[in-house]
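Residue-level listing of the chains:
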Amino acid sequence: MVEHAWRTVPFWREAMRERGLAPRDFRGEADLARLPVVERSDLQRDPDRFRSTAFRDADLLALRSGGSTGEPITVRHDTGSLLANAAHGERERSIWAGSRVPRFGYREAVVVPPFNAAIEVQRFCRERAWLPARADIDRRYLSMLDPIDEVIAALDDFRPHIVHSYGSFLEALFARVEATGAPFHRPALVTYSSDGMSESARARIAGGFGVPVFCTYQAVEMFKIGFECEAHDGVHVNIDLYPLRLDADGTVIVSNLVNRATVLLNYRLADVVAPIDARCPCGRTLPRITRPQGRSVEFLPAPDGGVVHPQAIRTIFTAERGVWQYQVDQIEPARFVVRVVAAADCDRAAAARRIGEGFAHWFGSGSAVDVRYVDALERTAGGKLRPIRALSPAPPTP
Ligand SMILES: [Zn+2]
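This one's a predicted model, so the numbers in the text were calculated from it and none came from an experiment. (Residues numbered from 1 in each chain as written. Predicted model: local features only at pLDDT ≥ 70, side-chain atom pairs only at ≥ 80, totals over all residues. Heavy atoms only, no water.)

Brief notes about the coordination of the zinc ion
Where we set the bar: Only nitrogen, oxygen and sulfur atoms within 2.8 Å of the metal, or 3.2 Å for Na, K and Ca, are treated as donors, and water is left out, so sites may look incomplete. Residue burial is assigned from relative accessible area. The probe radius is 1.4 Å, only protein chains are included, and a residue is buried under 20% of its type maximum, exposed over 50%, and partly exposed in between.
Taken together, C229 (SG), H236 (NE2), C280 (SG) and C282 (SG) make up the full set of protein donors to the zinc ion, lying 2.1 to 2.2 Å away. Between consecutive donors of the zinc ion, the numbers of intervening residues give the motif C-x6-H-x43-C-x1-C. Assessed through its relative accessible area of 6%, C280 is described here as buried.

Given below as C-alpha cells:
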C-alpha cells in the first residue's frame, strides 16, 4: 500500500519526499508512524490529494459521511477493495453464521438512516459481482428516522434473524418494546456500529431479552477495523488489514491497507479506546481494544477551569442498570439537564440521586443536575444521537 501511495497519491508522495522516505523504508506496520498523522479535517479540506490517480471515477464508489458532525467528508473506494471487504466480513460472520443463524439464506434487517453507506456499498457490489442465490442473504433496509413504532411493526412482520443498527437506536428500540409490551419478534442476535451502546442497555438486551449483542467497529474511511467475538469482552482488531495504534490521548490511529482509491494511512479516528492485554478466551490472537463509544470526543469545561473527559460522564451511567439511554446537556459548567429513558423497574428517585452524586464528583459539590425522565431522546437529522452535549467543546489538555 505504501508503494501504491508513493506512486499514485499526491499527498503521500510529497509527505514521503519531505521526510526523505521511500517505500523501501517501510518494513512493518510500526514504520507507518513515520508518516504524518492525517486528521479528518485534512481529508475534508482536500480529498483529491488523498485520491489515487490509478482509477477512473466509474470504478469507484464515493461515500459521504458525517454531515451531522459538521465535518462531512468524501471517501472513494475501489471495486476490488469493496469486494475484498465482503470476504473480510467472514471473520465476524463466522462467529454466528452456521450456529446462531443459518449459514446462508437468513434474514437480516438493517436499520439505518436513508442514503446510508451500507446501502450504497451493497448496491455497488451487486451491480458488479455475481452471487450464487444459495449464498445470498435476505436483507431488508428500514429507516431509522421512521417513527419507532413503525420500525418495530416492520421488524415483527419481517422476523429477521439479525438486526443491525446504530447502538443508540437498538437501545431506543428495546426500551420501547419493553415499555409498551408490543408484540416483537426476537432476533437471534443484534449487531451495531456507528455509535456506542451503554453497558446497562447491553445487559438488558442480552439478559432481559436473551438477545446477544455484537459490536462491529467500522467507519466510512475504514470498513472492517474490528469485531466483537462470542466472549463479549472488547473488540478484536483486524491488524493485518487495519493496523491500529493509540495516540497519547487514547484516540485511534489506523492505516487502511485495503482501500486503494482514497488512501488513508496513519489516520485519526475520534474514537477513544484502551488496549486489552489479556488473551481472549475465544482463542483468537488478534489483539483487543475496549469497545468504541462513539465518535464525538467532546470534553466538558469544568467550573475550576479544567476539562472533564466524556468517559467520566459515561461511567456515571455505566452502573445504572435501570437506564436505557441518557442525554446530558451542559447548561453552565456546573449546571446540567440529564434526560433519561428508564426501564420500568428503575427506582427513579434513587437513580436521580446517584446521577447527581456522580456529577458532583466530577464538577464539584455545587453542581446542579436536573434529571428528567422522558420517553425518547432527540436525534439529529442524520439520525445521530449525541449523548453528551458539552457547553462549548474545549480542546483536550495534554
Ligand atoms: Zn475473542
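Quick notes on the pairing of strand β4 (residues 138-143)
Selection rule: By the convention used here, strands pair only if DSSP detects at least 2 bridges between them. Helix and strand labels come from DSSP, where a helix needs a run of H or I of at least four residues and a strand needs a run of E of at least two; each type is numbered from the N terminus. When the strands point away from the viewer, a crossover counts as right-handed if the path from the first strand over the helix to the second runs clockwise.
Where strand β3 (residues 107-112) lies against β4, six bridges are found, and the strand directions are parallel. In the sheet register, V111 faces β4, and the bridge partner there is L142. With helix α6 (residues 117-128) bridging β3 and the parallel β4, this β-α-β connection has right-handed handedness.

With respect to the layout of surface pockets
Formally: Of the grid points, spaced at 1 Å and generated over the protein atoms alone, those admitting a 1.4 Å probe that cannot get out make up cavities, while open sets with protein on both sides within 12 Å along at least five of seven lines make up pockets; any residue with an atom within 4 Å of a point is treated as lining. Grid points are joined across faces, edges and corners, and a volume is the space filled by probe spheres set on the points. Classification used: nonpolar for Ala, Val, Leu, Ile, Met, Phe, Trp, Tyr, Cys and Pro, charged for Asp, Glu, Lys and Arg, polar for all others including Gly. Residue ranges assigned to the domains are those given by an automatic or database domain assignment.
Its volume calculated, the second largest pocket comes out at about 480 Å³. Every residue lining the second largest pocket is counted, 25 residues in all, and those nearest its centre are A172, R176, V341, D375 and A376. Ranked by the residues each element gives to the lining of the second largest pocket, the list is headed by helix α8 (residues 167-180), at six residues. Of the residues assigned to the lining of the second largest pocket, the class counts are 18 nonpolar, one polar and six charged. Both domain 1 (75-289) and domain 2 (300-389) contribute no fewer than three residues apiece to the lining of the second largest pocket.

Regarding the sheet that holds strand β5 (residues 162-166)
Condition: Only heavy atoms matter for contacts: two residues are in contact if any of them lie within 4.5 Å across the pair. The axes used here are C-alpha line fits, helices contributing only the stretch in contact, and every angle between their N-to-C directions lies in the interval 0 to 180 degrees.
Within the open sheet, the nine strands sit side by side as β4-β3-β5-β6-β7-β8-β9-β14-β13. Their pairing is mixed. The outermost strands of the open sheet, each flanked by one partner alone, are β4 and β13 (275-276). Along the sheet, helix α7 (residues 148-158) contacts β3, β4 and β5; its crossing angle with β4, the most-contacted strand, is approximately 170°. This element, helix α9 (residues 199-208), spans β6 (189-193) and β7 (213-217) of the sheet and lies at about 135° to β7.

Notes on the packing of aromatic side chains
Here is the rule we go by: Note on ring pairs: Phe, Tyr and Trp rings are taken, using the six-membered ring of Trp, and paired if centres are within 6.5 Å. Classes follow the plane angle, with under 30 degrees stacked, over 60 edge-to-face and the rest tilted. Charge-over-ring contacts are defined here by two conditions on Lys NZ or Arg CZ: a distance within 6 Å of the ring centre and an angle within 35 degrees of the ring normal.
Applying the stated criterion across every chain yields a total of ten aromatic pairs. An angle of 70° between the planes, with centres 4.9 Å apart, marks the rings of F174 and F209 as edge-to-face. On the criterion of sequence distance, the pair formed by F174 in helix α8 and F209 in the loop between α9 and β7 is long-range, its members being 35 residues apart. Here the aromatic cluster, defined as three or more aromatic residues joined through ring pairs, consists of F11, W12 and F50. Here R13 stacks its cationic end above the ring of W6, 4.8 Å away from the centre of that ring. The side chain of R128 reaches across the aromatic face of F124, ending 3.8 Å from its centre.

Here's the deal with the environment of S99
Note the following rule: Polar contact is the term for a pair of N or O atoms within 3.5 Å; when the atoms are in protein, one must be able to donate a hydrogen and the other to accept it, and sequence-neighboring residues count only if both atoms are side-chain atoms.
Looking at where S99 falls in the secondary structure, it is placed in the loop between α5 (90-96) and β3. The spacing of S99 and A390 is 291 residues in sequence and 43 Å in space, taken between C-alpha atoms. At 3.5 Å, the side chain of S99 forms a polar contact with the backbone oxygen of I95.

Structural measurements only, silent on function.
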